[in-house]
Amino acid sequence: MIHELPKLPYSADALTTAISAQTIDFHYGKHHQAYVNNLNNLIVGTPYENATLETIIKEAEGGIFNNGAQVWNHTFYFEAFSPNPQASPAGRLLRLIESDFGTLTEFKDKFNKAALSLFGSGWVWLSLNNQGHLEISQESNAGNPLRKGLKPLLTCDVWEHAYYLDYQNRRADYLPKFWEVVDWKVIADRLG
Amino acid sequence: MSFKLPSLQYDYKSLEPYIDAATMEIHHTKHHAAYTNNLNSAIEGTSIDLQPIEEILREVSKHSPVVRNNGGGYYNHNLYWEIMSPKGGGEPNGTLLKRIQADFGSFAEFKDKFSAAAASRFGSGWAWLVLRDNKLVIFSTPNQDNPLMDVAEVKGFPLLGLDVWEHAYYLKYQNRRPEYIQNFWNVISWDAVQHRFESAR
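Draft legend 1. Fine view of the overall build of chain B. Looking only at helices and strands, chain B has eight helices and three strands in total. When the helices and strands of chain B are read in sequence order from the N terminus, they spell out α-α-α-α-α-β-β-β-α-α-α. In terms of overall dimensions, chain B has C-alpha extents of about 50 × 40 × 30 Å along its principal axes. Here chain B holds 201 residues, and 54% of them are scored as buried. Counted over contacts in chain B with a minimum sequence separation of 6, partners at least 24 positions apart contribute 69%. As presented, chain B carries roughly 8,700 Å² of accessible surface, and 47% of it is formed by carbon and sulfur atoms. Placing the 20 positive and 23 negative side-chain charges of chain B at their respective mean positions leaves the two points 3 Å apart.

Draft legend 2. Region of the structure containing the interface of chain B and chain A. Taken together, the contacts link 18 residues of chain B with 18 residues of chain A. In total, about 1,800 Å² of surface goes out of reach between chain B and chain A, with carbon and sulfur atoms giving 63% of it. Among the residues of chain B in contact with chain A, B:F122, B:E166 and B:Y170 are the three that bury the most area, contributing 39% of the side total. For the pair chain B and chain A, the number of links is zero salt bridges. Where chain B meets chain A, there are six residue pairs in polar contact (both at pLDDT 80 or more). Counting residues per element, the ones that place at least two in the side of chain B that touches chain A are helix 1 (21-43) and helix 6 (170-173) of chain B. If one sorts the elements of the side of chain B that touches chain A by residue count, helix 1 of chain B sits on top with four residues. Class assignment for the residues of the side of chain B that touches chain A results in six nonpolar, nine polar and three charged.

Draft legend 3. The pairing of strand 1 (residues 125-132) of chain B, seen in detail. Residues and elements named next belong to chain B. With seven of eight residues buried, strand 1 lies mostly within the body of the structure. In this structure, strand 1 lies alongside strand 2 (residues 135-142), joined through eight bridges in antiparallel fashion. Paired with W126 across the two strands is T141, which belongs to strand 2. What sits between the antiparallel neighbours strand 1 and strand 2 is a turn of two residues, in which D133 has the positive phi angle 50°.

Draft legend 4. Region of the structure containing the packing of helix 4 (residues 94-104) of chain B against helix 5 (residues 107-120) of chain B. All names here are of chain B. Viewed as axis vectors pointing N to C, helix 4 and helix 5 meet at an angle of 70°, and their least axial separation amounts to 8 Å. With respect to helix 5, the element helix 4 is oriented roughly perpendicular. On the side of helix 4, the interface is formed by L97, I100 and F104, while helix 5 contributes F107, E109, F110 and K113. For the contact of helix 4 with helix 5, the residue count by class is five nonpolar, no polar and two charged.

Draft legend 5. Quick peek at the sheet that holds strand 1 (residues 122-128) of chain A. Residues and elements named next belong to chain A. The strand order across the open sheet built from three strands is 2-1-3, with neighbouring strands paired in antiparallel fashion. Each edge of the sheet is formed by a strand with only one pairing partner; in this case those strands are strand 2 (134-140) and strand 3 (151-157). Across the sheet, the axes of successive neighbouring strands diverge by a mean angle of 25°, strand direction being ignored. Both strand 1 and strand 2 contribute to a ladder of seven bridges, which runs antiparallel. Considered in strand 2, the bridge of W125 is made with S137.

Draft legend 6. Inspection of the sheet that holds strand 2 of chain B at higher detail. All names here are of chain B. Spatially, 2-1-3 is the arrangement adopted by the three strands of the open sheet, whose pairing is antiparallel. Edge positions in the open sheet fall to strand 2 and strand 3 (157-163), since each of these has one partner strand only. Here the average twist between neighbouring strands, direction ignored, is 20°. Examined bridge by bridge, strand 1 and strand 3 share six bridges and lie antiparallel to one another. The partner of W126 across the bridge, within strand 3, is D163. Those strands touched by helix 3 (residues 65-82) are strand 1 and strand 3, and its axis lies near 85° from that of strand 3.

Draft legend 7. Examining unusual backbone geometry more closely. All names here are of chain B. Note the cis peptide between E16 and P17, where omega equals 5°. On the secondary structure map, P17 appears in the segment before helix 1. Despite not being glycine, N134 shows a phi value in the positive range, around 65°. Here N134 shows up in the loop between strand 1 and strand 2. The phi angle at N143 is positive, at roughly 50°, despite the residue not being glycine. Mapped onto the elements, N143 comes out in the loop between strand 2 and strand 3.

What counts and how
Residues numbered from 1 in each chain as written. Chains lettered and ligands numbered in written order. Predicted model: local features only at pLDDT ≥ 70, side-chain atom pairs only at ≥ 80, totals over all residues. Heavy atoms only, no water. Helix = DSSP H or I, 4+ residues; strand = E, 2+ residues; numbered from the N terminus. Buried < 20%, exposed > 50% of the residue type's maximum accessible area, 1.4 Å probe, protein only. Contact = heavy atoms within 4.5 Å. Areas by Shrake-Rupley, 256 points an atom, 1.4 Å probe, with all protein chains shown as cover. Lys, Arg positive; Asp, Glu negative; His and termini not counted. Charge placed at Lys NZ, Arg CZ, Asp CG, Glu CD. Buried area = accessible area lost by both parts, 1.4 Å probe. Salt bridge = Lys/Arg side-chain N within 4 Å of Asp/Glu carboxyl O. Polar contact = N/O pair within 3.5 Å; in protein donor to acceptor, adjacent residues only side chain to side chain. Nonpolar A, V, L, I, M, F, W, Y, C, P; charged D, E, K, R; others polar. Pairing = 2+ DSSP bridges. Axes fitted to C-alpha atoms, helices over the stretch in contact; angles between N-to-C directions. Parallel < 35°, antiparallel > 145°, perpendicular 65-115°, else oblique.

Put into structure tokens, the structure is as follows:
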């Protein structure tokens, strides 16, 4: 199976209040594309040649895991953004957030703390666990909560390449801007 | 005692065109300064706040991850600034060159192996040339770990370190880490590396 870079669901300059077109061009056009290419090269002649990304994330190790998970993670990250986002959660998603974190603000604070304290490269996740509760987790490098049996709903990329051109060392300035472009309709659809 | 952010022995712009002034300034005054401040806050009033950084790192498994991350970040960046120079580049000579040839075959083979270690480190980290049991070895570590730490897979005395966190090169090279690695060879101060080699023996 040949993995392909999906088309970005908006133009590169659609999120400029939060993420510059230059960052999107490199992040999507170079980093994301490189993970796709690396994965396609690495899986040839391995048991993962025809595997889905989900199987690769759950079972593979080393370079195949790293590149496969990064393909999944980046698509998931970029697909949650919109130039005209639903600005806050509603319905069942909001009720879950409130029952598990208190308020939307408390949830965002906790998520931001996890994003700020993740040392090095990685991802912060909001996922649904087997007990039907939401949880926030940090994953280093290519880590993905699918590997632990969780259902991911939202992720924030805190590899420096996600924000360095726009915010340099100021990860704390990237986070509030990240929230401005998250489309909560996408997150609700993922919850199902 | 508290650790101090060292001054650089050269201007931020003096490693251009290989490393740009903006990267140097942010790297030194923001990233390195933050590691230094966070380390000082973490050890203030504890039993280790009088220890030299090398001793703290040697027993880093006894301390919190904050000490490991920021103590490593403090030491590693000190070393990184020390082993670069506007008058860098070229090849080592004397005893260090002989040791490189003995342990890697040739300077070119050493360079390839070190560059490969730096390029293949996934995520944030460092590539190292280390003296261990009087032999040179190349490997890489994640995040701000280093070969002085008791938690390191390969332990020894670091002679040369290359920062491959994206913050070290992203403003100029973006996704092109291999180009940054290639240009790093133009700014290595082999005098400084030789000095570390001699002090380690």
